Amino acid sequence: MVDGFERLTTGVTSIYKSIQKIKRLRMDSIGLKGTHVMCIYYLYTNPEGLTGADLCSKCREDKAGISRILSDLESACLICYKNTGDGRKYRAKAVLTEQGKTCGAKVTRLIEHAAVAGGTGLTDQEREIFYKVLFTISDNLETLCSSIEEGKSL
């Protein structure tokens, strides 16, 4: 079982580092940071807009991180906010501007290219099994984290 843990953590870490490097290199080519990728992607795939809380949940990022990213995107004129009447941006839905939509289309193409390249050599069935196993492990580890946080012993 320990060998499986080593293989899992080594594999996941390697994949994560490669994804971060791809994000950094590709975003540099369009003048953005790797941290912006998932927010732009989710805003592009949700044209009705998303709140900061929605993005925290989808991106698995904390409130401060999402706030910084949204501030960067607003400064770059890639997003604007739907008016909520109370002046609070965090509760307002962020939407892509026309420039943001163009950027979102580029980001989505880059993501699709990376996903295809990463899955080279896998059949559709192997890919589905991989994702099923990956998310089962993720869910199990989240449950374990919750138990540890609640003070429950192993």
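Residues numbered from 1 in each chain as written. Predicted model: local features only at pLDDT ≥ 70, side-chain atom pairs only at ≥ 80, totals over all residues. Heavy atoms only, no water.

Pulling in residues and values, what's your account of the pattern of salt bridges?
This model, assessed by the stated rule, comprises three salt bridges. Where E142 meets R60, a salt bridge forms, and the shortest distance between an N and an O atom there is 2.9 Å. Here the residue E142 occupies a position in helix 6 (residues 124–149), and R60 occupies one in the loop between helix 3 (52–59) and helix 4 (63–75), the gap between them amounting to 82 residues. On the basis of relative accessible area, R60 is assigned to the exposed category, the value being 64%. Between R127 and D124 there is a salt bridge whose closest N-O contact spans 3.0 Å. (Salt bridge = Lys/Arg side-chain N within 4 Å of Asp/Glu carboxyl O. Helix = DSSP H or I, 4+ residues; strand = E, 2+ residues; numbered from the N terminus. Buried < 20%, exposed > 50% of the residue type's maximum accessible area, 1.4 Å probe, protein only.)

Which residues make up the side chain of T108, and what are the values?
Tracing the chain through its elements places T108 in helix 5 (residues 98–118). Given the relative accessible area of 12%, T108 is considered buried. Not counting residues up to four positions away in its chain, the partners in contact with T108 are Y41 and Y44. (Contact = heavy atoms within 4.5 Å.)

I'd love a proper account of the packing of aromatic side chains, names of residues and values included.
Evaluated as defined, the whole model comprises two aromatic pairs. Each ring, one from Y41 and one from Y42, has its centre 5.3 Å from the other, and the planes form 65°; the classification is edge-to-face. Y41 gets classed as partly exposed once you look at its relative accessible area, which sits at 24%. Judged by relative accessible area, which is 19%, Y42 ranks as buried. (Phe/Tyr/Trp six-rings, centres within 6.5 Å; stacked < 30°, edge-to-face > 60°.)

Account for a nonpolar patch on the surface, with residues named and values stated.
A surface patch of nonpolar side chains, about 480 Å² in accessible area, is lined by I15, I19, F130, Y131 and F135. A per-element tally of the nonpolar patch places helix 6 first, with three residues. Structurally, the position occupied by I15 is in helix 1 (residues 2–29). (Patch = residues over 30% accessible without salt bridge, like charges linked within 9 Å, V, L, I, M, F, W, Y side chains within 5 Å. Areas by Shrake-Rupley, 256 points an atom, 1.4 Å probe, with all protein chains shown as cover.)

Tell me about the environment of G100, and name the residues and values.
With respect to the helices and strands, G100 occurs in helix 5. Taking the relative accessible area as the measure of exposure, G100 reaches 0% and is therefore buried. As a C-alpha pair, G100 and L55 span 45 residues in sequence and 16 Å in three-dimensional space.

Before we move on, could you go through the nonpolar core and cite the residues and values that matter?
Counting 21 residues, the largest nonpolar core has C39, L43, L55, I66, L73 and I79 as its most contacted members. Top element by residues in this core is helix 2 (residues 37–45). It accounts for five residues. (Core = buried A, V, L, I, M, F, W, Y, C linked by side-chain atoms within 4.5 Å.)

Interpretation in functional terms is not warranted from these geometric data alone.
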